[in-house]
Amino acid sequence: MMKKHLAISALAGWILLVTGFMILARTLDLEIFFVLWLIGILVIVELVSDHAATPRYLRYQRLVIASGVILFGAIVARKILEILAR
Amino acid sequence: MRRLPALLVSGTLILACLLLIGMQAGSPLLYSPRSDPGGGDHSNPAAFDRVRGDRAAQLLPLISDLMDSPGSLVLNIRSGDFEYAARDLENYRKVSRNLDSLVINLDMTEGELLEFRKANQQNLAILTELFNGTGRWNELQTLEIRYRDSGDSQMLTTITYEGEALRRRIQDLYRDYLEQDQVMRGTGEKFGLDTSGYAQSVVDFREIVSRIDREQHEKMTTLQTTVTPGMDTYRLTLGIERQRVSYLDAVNIEGLLWEHRKDRPDEVDLFIDSRKAGSIPTKPDGSFSYSHLVEHDRAGTHTVFAVYSGSVFSEIRTFFVETSETSLELKPPSLHDGRAGFEGVLLAGSIPVRFAPIEILAEGKRAGTAHTGEDGKFSVDLKLSPGDHKVYAFFSADTFPLAPSESATFEIFVPEPSPDIAGEDGLLANPLYGAIIAISLCASCIGAFLYLRRQRPKITPPGPVFHLPGERAAMSADDEELRLSDDGGPVAGVVQAAGEADAVDTVPVGDLSCLFSALRLAVGRHLAFLYPLSLTPRELCAMCRELPIRAAVCRFTKIYEQAQYRGAPVPDDERDMIAGAARSAIEGLGGVDH
């Protein structure tokens, strides 16, 4: 199986696992889901990408991850404000 | 062909995830008390079963312990074993705390259980005071012996008077203890628990009171017959106008100092409950008066006596402070800025109660405390968690002769704070919020930028290996693996006899790739290029555009490409041309190992 397919399968499996545990815990939270997805895609991209060259299918993943990091910062800020507002 | 199943499986998994999230986002998939608040009779069946199942298992041992604890404690106090009594009191306090936390955690609102909890709290306070009072009583016994031996009649009178105050206090405690008896024993019997220990504690308590009463009576009799022998009247007399008073009543105490100097006023010290209330100057006729405002006096009997010059004692007088009923009114709570505002007034009859603590409770838990003002009114803003709350105000203070009271219960809904905090004026009004958002976003942007710009740790490529012309290359196993056949694949940096004309001449046409590799490595090393093996012939030519050997290199690469991609064997005449071009290029570089 190609690395691309392995990466997609791993990410889908990770998302399914996270969703399953959220359902079992009865706490479906989009923010937590997003953060766990970000962690998953970060790990998978790091594992899949090569040292010397970047495959074409990973070319734009770095932009997606960078956008995710910015969104993650916004989520953190929102959480801090929620805690302060209590 | 393996791609299709993998894509199908991955696509299915992703769609399943998105479907689950979409269902949750659209309408709640699962039941939860938060997502389904329901009506007023809404309850969480799972939690209800769990609580109900655990409740009996957790409550009964606690109630049983609370029924037994006073028996052991009072028995130890009665027998004078204060070390064990202190330990019993600590255990009793601990079990009471456990009950309080259990009642709050399990959200128990049954009236009977709450009554039991209140009665138990009262008992704990009563027995704590009994423990301290009897301890002080024993100290007074010791002091009495010492002062009697030394003949110090003044101190003997002082401690006898203090003993009198103590006796009356312990009598009041016993009366209060009896008031809790019905609730305590009733609850114990309802749960089928053994209440004999508690009943015995009442008996022991009565015996303690009787003993102290008897001993104090003997002391007072002895004092009157020994300290002031032959005197029917005191030289200092005291009188109280009203014996029974209540909250904010004035106790008017008047006295007369029979023996005093007429030329200058004297001062009389007045003691209430053995604590000095003040020094009162006497009038020219020796009379004095003092008005004591009943405000922070506990309900019950209080003793008063006066002392002149540390040696002349008045008789002991008493007054009784009655418990006044209170009414606590709470206005409907208001919500503003995410905080709940509570306002109300505390009255004792029609008299406002001032400086009294008011507890605001939400679901039985203390949410905050307010204090009444001069007019008995109080107001406080509290931060409550989002959701429905049943709130009421509660007043109970041992330092006031006032009965506890609580207000009506109000239901209040505190909305969730808006997730769009940025849209509210709070963000703009509070620079801290703006700073937090700015810092967080800046940090995340920097993180994203660094992620995009980061470079993986450099892996030092293996240095190209060159051999001088005519030198035999040490062929390693790896080199063998990397060396390809004549089909023009990449070759490791091992060059066979390249550099000198003879060596180049000896290269067979099938080793064109070796020649190209040697030239490429030589150029790469000359230009300090990290990955020379990735260069194509045309790139090699382009890289040499600044070098004097450009013409030779480009001629070689052109011929090499033609020979390589033609697919036919290289003619002999071209072989010389290729070798010549390679030789001139490498010579221009000063050799492969220059």
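A brief look at the structure comes next. Just so it is clear, the structure is predicted and the values come from calculations on it, not from any experiment.

## Things to note about the overall build of chain A
Here is step 1 of the chain: Per the secondary structure count, chain A includes 3 helices and 0 strands.
Here is step 2 of the chain: In chain A, which comprises 86 residues, the share counted as buried stands at 15%.

## Quick look at the overall build of chain B
Here is step 1 of the chain: Within chain B one finds 14 helices and 19 strands.
Here is step 2 of the chain: Within chain B, contacts between residues at least 6 apart in sequence are counted, and of these 62% link residues at least 24 apart.

## Regarding the nonpolar core
All names here are of chain B.
Here is step 1 of the chain: Grouped together as the largest cluster of nonpolar side chains are 76 residues, with contacts concentrated most on Leu127, Leu270, Val304, Phe305, Ala306 and Ile358.
Here is step 2 of the chain: In terms of residues, this core owes the most to one element, helix 5 (residues 153–190), which gives 8 residues.
Here is step 3 of the chain: Residues contacting Leu270, with those up to four places away along its chain left out, are Ile253, Ala277, Gly278, Ile280, Tyr290, Val304 and Ala306.
Here is step 4 of the chain: With 27 residues, the next largest nonpolar core counts Cys514, Phe516, Ile578 and Ala585 among its residues.

## What about the sheet that holds strand 6 (residues 287–293) of chain B?
Residues and elements named next belong to chain B.
Here is step 1 of the chain: Strands sit in the order 1-3-6 across an open sheet of 3 strands; the sheet is antiparallel. Either end of the sheet is taken by a strand with one partner, and the two such strands are strand 1 (236–240) and strand 6. On average, each strand axis in the sheet is tilted by 20 degrees relative to the strand beside it, whichever way the strands run.
Here is step 2 of the chain: Inspection of the sheet shows strand 1 paired to strand 3 (residues 250–257) by 5 bridges, in the antiparallel sense.

## So, the environment of Glu587 of chain B
Residue and element names in this part refer to chain B.
Here is step 1 of the chain: Here Glu587 shows up in helix 14 (residues 572–588).
Here is step 2 of the chain: Given 16 C-beta atoms within 10 Å, Glu587 falls into the partly exposed group.
Here is step 3 of the chain: Residues Glu587 and Ala552, 35 residues apart in the sequence, show an inter-C-alpha distance of 10.0 Å.

## Some details on the pairing of strand 15 (residues 365–371) of chain B
Regular strands show a simple pattern: their side chains alternate between the two faces of the sheet.
All names here are of chain B.
Here is step 1 of the chain: Bridging between strand 14 (residues 357–362) and strand 15 involves 6 bridges; their strand directions are antiparallel. Residue Ile358 lies in a different strand from strand 15, and its bridge partner there is Ala370.
Here is step 2 of the chain: In this antiparallel pair of consecutive strands, strand 14 and strand 15, the connection spans 2 residues, and Glu363 shows a positive phi of 55 degrees.

## Considering helix 11 (residues 512–526) of chain B
Residues and elements named next belong to chain B.
Here is step 1 of the chain: Here helix 11 contains 15 residues, and its C-alpha end-to-end distance of 21 Å stays within 8% of the 21 Å for a straight helix at 1.5 Å per residue.
Here is step 2 of the chain: Among the 15 residues in helix 11, 13 count as buried, and that is most of the element.
Here is step 3 of the chain: Following helix 11 by one or two positions, Ala528 has its phi on the positive side, about 55 degrees.

## Examining the packing of helix 11 of chain B against helix 13 (residues 550–566) of chain B
All names here are of chain B.
Here is step 1 of the chain: Look at helix 11 against helix 13: their axes get within 11 Å of each other, and the N-to-C directions meet at 150 degrees. Classified by the interaxial angle, the pair formed by helix 11 and helix 13 is roughly antiparallel. Helix-helix and strand crossings are classified by hand; for helix 11 and helix 13 the assignment is left-handed. Packed against helix 11, whose contacting residues are Leu512, Phe516, Leu519 and Val523, the element helix 13 presents Val553, Phe556, Tyr560, Ala563 and Gln564 at the interface.
Here is step 2 of the chain: By residue class, the composition of the contact of helix 11 with helix 13 is 8 nonpolar, 1 polar and no charged.

## Some thoughts on helix 1 (residues 3–25) of chain A
Here is step 1 of the chain: End to end, helix 1 of chain A covers 32 Å across 23 residues, agreeing with the expected 33 Å (1.5 Å per residue, within 8%).
Here is step 2 of the chain: Backbone geometry just after helix 1 of chain A places Arg26 of chain A at a positive phi near 60 degrees.

Cut-off values and rules
Residues numbered from 1 in each chain as written. Chains lettered and ligands numbered in written order. Predicted model: local features only at pLDDT ≥ 70, side-chain atom pairs only at ≥ 80, totals over all residues. Helix = DSSP H or I, 4+ residues; strand = E, 2+ residues; numbered from the N terminus. Buried ≥ 20, exposed ≤ 12 C-beta atoms within 10 Å, placed from the backbone. Contact = placed C-beta atoms within 7 Å. Core = buried A, V, L, I, M, F, W, Y, C linked by C-beta atoms within 7 Å. Pairing = 2+ DSSP bridges. Axes fitted to C-alpha atoms, helices over the stretch in contact; angles between N-to-C directions. Expected span 1.5 Å × (residues − 1). Parallel < 35°, antiparallel > 145°, perpendicular 65-115°, else oblique. Left-handed = near helix turned anticlockwise from the far one by under 90°. Nonpolar A, V, L, I, M, F, W, Y, C, P; charged D, E, K, R; others polar.

None of this, on its own, says anything about what the molecule does.
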